[in-house]
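Residue strings, one per chain:
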Amino acid sequence: MSIEIKSALAEVAPFIDEVIARADSDKNALGFLPHTIYLEAAYLGKLLVATYKDGDQEHYAGHLLFGGVFPQARIFQLYVGPSHRGRGIARELLKFLTTRLSEKSWLSVTAKVASDLPANKVWEKLGFVIALVKAGGITRGRMINVRVLDLKTPSLFDYLQPQIPAEFRLAHKLSPNKPLYLLDLNVFFDVIKQRPMGPESGNVFRAGFENNVRLMVAEEFVEELKKTSYDPTNDPILTIALQQGRLPHPPESFLRPTSDELLGIIFKERRSISALTSQDKSDAIHIATAIYHKASGFITNEVAILRAAPILLKKYQIEILGAAEFSGLTTDKENPQNIHVISSDDEGFLIKKTVKTENIKDIETFLSGKNVSQSHLEEARITGHDAPEKVSVYETDRVIFYAHWYSNRGPQPTADVFICADESHHDIEAVVEHILTSTADNLSRSQPCLVRLYVNEGQSTTRQLAISHGFTLPEGEANSSHKLQRLCVRRAITEKNWESTRHQIETRSGIQLPENMPNYTSHSQLIEILLPGKRSTQISLSDLERYFSPAIFMLPGRDGVIVSIKHDFSEDMFRSGPQSSLLSPPQAILRRERVYVSSGRTRNVFTEGAPILFYESLDGRGRGSVIAIGRITQVRVMKKHEAEPSIKARGVLNSRLLDLISSDPHVTEVTFDNILVLDKPVELPTLRRIGVADGANLVRAKKVAFTKILEILNESTSHD
């Protein structure tokens, strides 16, 4: 019997009723899903159906229903009819899916399987390992095996070949920022008017409230509501909508041709007979706005848009999700207290830099439940002189993260790091980011360090974060390997140290930088490098700095900006003082990428890719010195209330202080990373001598020429 796998809407549609009937017949194993989800999945190309022929008739044999948010896919149902089991149909469905996902650079696929089901043996044979065991619903009292298969996604360095530019798209899509999704008007009305899709649409908003994702609307969203409102001054629906963060219209030069293209794709039939409605045109503007602002996706219940989802993803790299699918992706993680990094037991989180003997039992219990290999479990038990360095993270009395590493601090520093995380925890990403950033920073303080990272099997979120931090596969490792590596270079690279840095990078990684330091043109400029084996390729300056972070390449001509920050905020943002505070800082200190906010009138001072110098003002206990440098990754002007979510997660201000920045209703939000706290702060008298400080003592953000930045950096490394 020959099996075919169908995925296109036209091929799958004739079998949807049978898919629903089969799924409903085995709710014990598959659970219950609203019938609308199957049609929605078919439109999105996320329902696979296995068929066979009997004469001229084609019959159903099984199906696979999947979804997910890049780069982590999820299987919701995998079913094979009883009379067709044992013939490898499940394997064929899964092979079709994993091949498609791997080609598009997805990292993993997850499935939840009740521990009491015989199907666990099948999942195990298919290569899915148990990453987590968690309690199911109260009604059945089941335990759920969360099974994960890591995909054979191509190595990031394989993508560095000039003829395969997809790596750069992958690098951006793996940003550790919370993903940004735009809402369609129909999702909003489903909740407000309690329509049939109201519960699923409500879960979309809940995900935003719990800070799992960033939810915003297009400016067109509000304009459309105003058109239909009977009384815009007293309309509760419009009032609620106005509280949502909004993305402004794209420039007309982009909006007009893009929305016109979208109309031809989504509403092809209506356009061909000149029957487009005003709502159709508004929908096109919504999606064009999402594309322009590089949103992760667009959430809608509009059938025509869902049907066009595969085309929109391929052409514009914008993910279209139905509210029902999105709802199932964002309601799993626990929602405990916010993270605090503190030095003694207290409420919240405790990062124990030195793991004591009495903590080993807690760590063993944690690791045993995470399918950790015996060798790593034994290393965690080692105490005394031969023990690795260890870090554990607690929430109250429960371990949620553990890492240990062996480091060689000789002439060519290396470190072997093992990490294991409770990925069900709501704030685990901040913990992982903090450990990845702080460990790399500490290991590379004296000279570049090659960090070899082992991510525990099945932990796709942790692996994704590591890749977003610049980790790649070592040469010779299989594409599905859990081993990753990165060369950490903690310095501002200038012409003065170019030759020594170039030599250190080559000896540790086999990568050769150009013999002469190139001049700066933009953060996206391509730099020619030689990969191991003398393979020549080009990589953008932005990506090069990510792979070697927290390095900043001070290429000649790379002008920057200097901003002022008060002492208390400086401590919270950088922990740069001679005596760090014991108080719990905001989450910003845990993040690789952080946010600085100034008046909306300063927008023209900031440029993406430019170095940003932080001057700690003399106010309070301030040192009157430049204390850190980073690189700007994004600049946005927005209303104050729209800036609050990102400031809460990656900044150090609260709503009251945000209002004090200026009377301007808008603020400039500057995102930056590759943070280097200067070993020797550069004081105000020196800044005046260099010609950076003005009569206002750097109260306002101001541009700084490359030559001035270079003088400041030289002062920060000079010896008295």
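Everything discussed here concerns the structure shown above.
Residues numbered from 1 in each chain as written. Predicted model: local features only at pLDDT ≥ 70, side-chain atom pairs only at ≥ 80, totals over all residues. Heavy atoms only, no water.

(A) Representation of the overall build of the chain. Per the secondary structure count, the chain includes 28 helices and 28 strands. Considering only contacts within the chain whose residues lie at least 6 apart along the sequence, 69% involve residues at least 24 apart. Counting only carbon and sulfur atoms, one obtains 51% of the accessible surface of the chain, whose full area is about 31600 Å². (Helix = DSSP H or I, 4+ residues; strand = E, 2+ residues; numbered from the N terminus. Contact = heavy atoms within 4.5 Å. Areas by Shrake-Rupley, 256 points an atom, 1.4 Å probe, with all protein chains shown as cover.)

(B) Up close: helix α19 (residues 374-381). What α19 keeps buried is the set His 376, Leu 377 and Ala 380. All buried residues of α19 fall inside an arc of 105° around its axis, so they share one side. Buried-residue contacts for α19 involve α18 (360-368), β14 (389-395), β15 (398-408), β16 (414-421) and β17 (449-455). (Buried < 20%, exposed > 50% of the residue type's maximum accessible area, 1.4 Å probe, protein only. Arc of directions from axis to C-beta.)

(C) Broad picture of the sheet that holds strand β2 (residues 47-54). Spatially, the seven strands line up as an open sheet ordered β1-β2-β3-β4-β5-β7-β6, and their pairing is mixed. Looking along the sheet, the strands with just one partner apiece sit at the ends: β1 (3-6) and β6 (129-135). Each neighbouring strand pair of the sheet contributes to a mean axis angle of 30°, computed without reference to strand direction. In the packing of helix α21 (residues 460-468) onto the sheet, contacts are made with β4 (72-80), β5 (108-114) and β7 (143-150), and the angle to β4 comes to roughly 145°. (Pairing = 2+ DSSP bridges. Axes fitted to C-alpha atoms, helices over the stretch in contact; angles between N-to-C directions.)

(D) Region of the structure containing the sheet that holds strand β26 (residues 625-639). One open sheet accounts for six strands, arranged β24-β27-β26-β25-β23-β28; its pairing is mixed. The sheet is open, and its two borders are formed by β24 (594-599) and β28 (702-704), each paired with just one other strand. Adjacent strand axes in the sheet meet at a mean angle of 40°, parallel and antiparallel pairs treated alike. Relative to strand β27 (residues 666-683), β24 runs antiparallel, the two sharing six bridges. Residue pairing for β27: Val 595 is matched across the bridge by Thr 671. Sitting on the sheet, helix α28 (residues 706-717) touches β23 (560-565), β25 (611-616), β26, β27 and β28, and the angle it makes with β27 is about 40°.

(E) Focus on the pattern of salt bridges. For the structure shown, the criterion picks out 21 salt bridges. Of the charged contacts in the structure, one is a salt bridge between Asp 260 and Arg 271, with a shortest N-O distance of 3.1 Å. Here Arg 271 lies in helix α13 (residues 268-272) and Asp 260 lies in helix α12 (residues 252-266), a separation of eleven residues in the sequence. One salt bridge in this structure joins Arg 631 and Glu 545, with 3.0 Å as the shortest N-O distance. (Salt bridge = Lys/Arg side-chain N within 4 Å of Asp/Glu carboxyl O.)

(F) The arrangement of the environment of Pro 118 in detail. Within the secondary structure layout, Pro 118 lies in the loop between β5 and α6 (119-125). Pro 118 gets classed as exposed once you look at its relative accessible area, which sits at 65%. Separated by 89 residues in sequence, Pro 118 and Ala 29 place their C-alpha atoms 9.6 Å apart.

(G) Highlighting helix α20 (residues 428-443). Taking 1.5 Å of rise per residue, 16 residues should cover 22 Å, and α20 covers 22 Å from first to last C-alpha, within 8% of that figure. Within α20, 14 of the 16 residues are buried, which leaves the element mostly enclosed by the surrounding structure. (Expected span 1.5 Å × (residues − 1).)

(H) Highlighting the side chain of Thr 98. Here Thr 98 is to be found in helix α5 (residues 89-103). We classify Thr 98 as buried; its relative accessible area is 15%. Setting aside chain neighbours within four positions, we find Thr 98 in contact with Leu 149 and Leu 151.

(I) View of the packing of aromatic side chains. Within the structure shown, the criterion is met by six aromatic pairs. Look at Phe 254 and Tyr 292: their rings are 5.1 Å apart centre to centre, the planes differ by 55°, and that puts the pair in the tilted class. Pair noted here: Phe 254 is in helix α12 and Tyr 292 is in helix α14 (residues 278-292), with a separation of 38 residues, a long-range link. Note on Phe 254: relative accessible area 24%, which makes it partly exposed. According to the relative accessible area criterion, Tyr 292 is partly exposed, its value standing at 35%. (Phe/Tyr/Trp six-rings, centres within 6.5 Å; stacked < 30°, edge-to-face > 60°.)

(J) Geometry of the nonpolar core. Counting 30 residues, the largest nonpolar core has Leu 64, Ile 75, Leu 78, Leu 93, Leu 97, Val 109 and Phe 128 as its most contacted members. Mapped by element, the contributors of at least two residues to this core are β2, β3 (57-69), β4, α5, β5 and β7. Apart from residues no more than four positions distant in its own chain, Leu 64 is found in contact with Lys 46, Leu 47, Leu 48, Ile 75, Gln 77, Leu 78, Leu 93, Leu 94 and Leu 97. (Core = buried A, V, L, I, M, F, W, Y, C linked by side-chain atoms within 4.5 Å.)

(K) Focus on the side chain of Ser 542. Within the secondary structure layout, Ser 542 lies in helix α23 (residues 541-547). When its relative accessible area of 18% is taken as the criterion, Ser 542 is described as buried. For Ser 542, the contacting residues outside a window of four places in its chain are His 523 and Arg 631.

(L) The arrangement of unusual backbone geometry in detail. With an omega of 10°, the peptide bond between Ser 549 and Pro 550 qualifies as cis. With respect to the helices and strands, the residue Pro 550 is situated in the loop between α23 and β22 (552-553). Even without being glycine, Ser 274 reaches a positive phi, approximately 55°. On the secondary structure map, Ser 274 appears in the loop between α13 and α14. On the basis of relative accessibility, which here comes to 69%, the residue Ser 274 falls in the exposed class. In this structure, Lys 294 takes a positive phi of about 55° despite not being glycine. If you trace the backbone, Lys 294 turns up in the loop between α14 and β11 (297-300).

(M) Focus on the environment of Val 391. Its location among the elements puts Val 391 in strand β14. You can call Val 391 buried: its relative accessible area is 4%. Through-space distance from the C-alpha of Val 391 to that of Trp 405 is 9.1 Å; in sequence the pair is 14 residues apart.

(N) View of the packing of α12 against α14. Running from N to C, α12 and α14 point in directions that differ by 120°, and their axes come no closer than 8 Å. Taken together, the axis directions place α12 and α14 in an arrangement best described as oblique. Once α12 is placed against α14, the crossing between them reads as right-handed. Counting all contacts with α12, which are made through Phe 254, Leu 255, Thr 258, Ser 259, Leu 262, Leu 263 and Ile 266, the residues of α14 involved are Asp 280, Lys 281, Ala 284, Ile 285, Ile 287, Ala 288, Ile 291 and Tyr 292. (Parallel < 35°, antiparallel > 145°, perpendicular 65-115°, else oblique. Left-handed = near helix turned anticlockwise from the far one by under 90°.)

(O) Main features of the state of the cysteines. In total, this model carries zero disulfides according to the counting rule given. In this structure Cys 488 is a free cysteine whose sulfur lies 6.2 Å from that of Cys 449, the closest cysteine sulfur available. (Disulfide = S-S within 2.5 Å.)

(P) Quick look at the packing of α12 against helix α16 (residues 309-316). Between α12 and α16, the shortest axis-to-axis distance is 10 Å and the interhelical angle comes to 145°. The chirality of how α12 crosses α16 is right-handed. Along the contact surface, α12 presents Thr 258, Glu 261, Leu 262, Ile 265 and Ile 266, while α16 presents Ile 311, Leu 312, Lys 315 and Tyr 316. The residue inventory of the contact of α12 with α16, partitioned by class, reads six nonpolar, one polar and two charged. (Nonpolar A, V, L, I, M, F, W, Y, C, P; charged D, E, K, R; others polar.)

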